[in-house]
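Single-letter residue listing:
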Amino acid sequence: MTDEKLSDEPQGKTDLKGEPILEALREVLAEARELDGGEVASYIPQLSSADPSQVGLALVGVYGRTFEAGDSRVPFTIQSVSKPFVYALALEKLGIESVMERVGVEPSGEPFNAISLDADSGRPMNPMINAGAIVVASLVSDDEILEGLGAFAGHPLEVDDAVLQSELETGHRNRALAHLALAAGVLGSTVDEATERYFRQCSLIVTALDVATMAATLANAGRNPLTDEQVVSETVARWTCAVMASCGMYDASGDWLARVGLPAKSGVGGGIVAVDPGVFGVGTFSAPLDAQGNSVRGRAMLTSLSRSYGLHAFAHPTVKFQPPE
Ligand code: GLU
């Protein structure tokens, strides 16, 4: 434990240099490497071939300083980590209330691929589960997703075609969700367009450093701290972080918010992003997943960072540090 603030604020404003952050990242990564457990996603062959021993961690501060440990530049597919960012693009394009007519913001407490639709309106419960994410994808174009997610990451992103093909071949449940959304009148395109677009966004190739930069853009009120591009508005960034906080970790979202206390989103490719608004974004990568579909080592690294550095959003500012469990 330390009483140092985990911030990339330049020297002069605080006495913190970059080194303690790097040490902190290396330490939590070394601890996480020792962890066993979890299963690499196997619903398509391309994911099951991921190397389970790789572990990456990156932190990008709102002042634009980046810190990396381990396999922070190993490529993986973004999968559901894309959901908050495409949601943010849809909010930016259409406005919050218009998107709210089609997708809610209530946690479902159910697995990512559940048929979680509001009993009265037929709206998906939230944009972080597949039903909601497919509706969100129906509201934006392929180009808007590719350009927008590239703007979040700070460079153009590419699609993993083999993953996309497999998703297209096996994604029947997601097509069923899109049909239900169409029946409820909340889908903004055809079923095929919405699902293909969703599979394409899930198949984008990223690294832990990329997703940390994407998270840092949300942390920095919608402005990418590396490129200085305003990707979405402050209001949209805040709204997106709030929805990540309540719904981002599949059916472990409540437990995550209570224990870790940071808005976060995980994906079955092994990535997790977490946001400390006004301070930094973190990205983690490690392929083995727990029963809820969250990366075992990624969860451990973020839990450890939160506890050691007093990052919990609901901690009293004068009693920041949580005792070990
Ligand atoms: N492409 C995956 C699916 O929709 C993403 C799942 C995830 O990362 O939760 O089945």
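Right above here is the structure, for reference.
Residues numbered from 1 in each chain as written. Predicted model: local features only at pLDDT ≥ 70, side-chain atom pairs only at ≥ 80, totals over all residues. Heavy atoms only, no water.

The next thing to look at is the overall build of the protein chain. For the protein chain, the helix and strand inventory stands at 13 helices and seven strands. For the protein chain, the C-alpha radius of gyration of 18 Å lies close to 20 Å, the compact-globule estimate for 325 residues. Considering only C-alpha atoms, the protein chain reaches an extent of 55 × 40 × 35 Å along its principal axes. Counting the 325 residues in the protein chain, one finds 56% classified as buried. When contacts within the protein chain are restricted to residue pairs at least 6 apart in sequence, long-range pairs at least 24 apart make up 67% of them. Approximately 13100 Å² of the protein chain is accessible, and the part contributed by carbon and sulfur atoms is 51%. Of the charged side chains in the protein chain, 23 are positive and 43 negative; the average position of the first set lies 3 Å away from that of the second. (Helix = DSSP H or I, 4+ residues; strand = E, 2+ residues; numbered from the N terminus. Rg over C-alpha atoms; globule rule 2.2 N^0.38 Å. Buried < 20%, exposed > 50% of the residue type's maximum accessible area, 1.4 Å probe, protein only. Contact = heavy atoms within 4.5 Å. Areas by Shrake-Rupley, 256 points an atom, 1.4 Å probe, with all protein chains shown as cover. Lys, Arg positive; Asp, Glu negative; His and termini not counted. Charge placed at Lys NZ, Arg CZ, Asp CG, Glu CD.)

What surrounds the ligand is the set Tyr-43, Gln-79, Ser-80, Phe-112, Asn-130, Glu-167, Asn-174, Tyr-198, Cys-202, Tyr-250, Gly-267 and Val-268. Take Tyr-43: an N or O atom from its side chain is 3.2 Å from a nitrogen atom of the ligand. In isolation the ligand exposes 300 Å². Once the protein is present, 96% of that is buried. Here the ligand is seated within the second largest pocket. (Near = heavy atom within 4 Å. Polar contact = N/O pair within 3.5 Å; in protein donor to acceptor, adjacent residues only side chain to side chain. 1 Å grid on protein atoms, 1.4 Å probe; cavity = no way out; pocket = protein on both sides within 12 Å on 5 of 7 lines; lining within 4 Å. Sits in = over half its atoms within 2 Å of the grid points.)

Attention shifts here to the side chain of Ser-266. Mapped onto the elements of the fold, Ser-266 is located in strand S5 (residues 264-266). Among the polar contacts listed, one links the side chain of Ser-266 to the side chain of Asn-294, at a separation of 2.5 Å. Apart from residues no more than four positions distant in its own chain, Ser-266 is found in contact with Ser-80, Val-81, Gly-248, Met-249, Tyr-250, Gly-271, Ile-272, Gly-293 and Asn-294.

To continue, consider the environment of Pro-225. Tracing the backbone shows Pro-225 in the loop between helix H10 (208-219) and helix H11 (234-247). Spatially, the C-alpha atom of Pro-225 lies 5.5 Å from that of Val-62, the residues being 163 residues apart in sequence. Sequence-distant contacts of Pro-225, that is, excluding residues within four places in its chain, are made with Val-60, Gly-61, Val-62, Gly-64, Ala-216, Thr-217 and Asn-220.

Extensive coverage of strand S7 (residues 280-285) is indicated by the burial of six of its six residues. One ladder, built from six bridges, connects strand S1 (residues 56-61) with S7; its direction is antiparallel. Looking across to S7, one finds that Ala-58 is bridged to Gly-283. Of the pairings in the sheet, the one linking strand S6 (residues 271-276) to S7 comprises six bridges and is antiparallel in character. Within S7, the position partnered with Asp-276 by the bridge is Phe-280. Once S6 ends, the chain turns through three residues before running back antiparallel as S7, passing Gly-278 with a positive phi of about 85 degrees. (Pairing = 2+ DSSP bridges.)

Right, let's talk about unusual backbone geometry for a bit. In this structure, Gln-79 is a non-glycine residue whose phi angle is positive, near 45 degrees. Structurally, the position occupied by Gln-79 is in the loop between strand S3 (76-77) and helix H3 (82-94). A relative accessible area of 2% places Gln-79 in the buried class.

Let us look at the sheet that holds S6. Read from one edge to the other, the open sheet built from five strands follows the order S2-S1-S7-S6-S5, with strand pairing classed as antiparallel. In this open sheet, the two edge strands, each paired with only one partner strand, are strand S2 (66-70) and S5. With direction set aside, neighbouring strand axes in the sheet form an average angle of 10 degrees. Along the sheet face, H10 touches S1, S2, S6 and S7 and points at about 155 degrees away from the line of S7. (Axes fitted to C-alpha atoms, helices over the stretch in contact; angles between N-to-C directions.)

It is worth spelling out the state of the cysteines at this point. Following the criterion strictly, the structure yields zero disulfides and no others. Cys-247 supplies the cysteine sulfur nearest to Cys-202, a cysteine that is in no disulfide, at a spacing of 17 Å. Considering cysteine sulfurs only, Cys-241 is the nearest to Cys-247, which forms no disulfide, with 13 Å between them. (Disulfide = S-S within 2.5 Å.)

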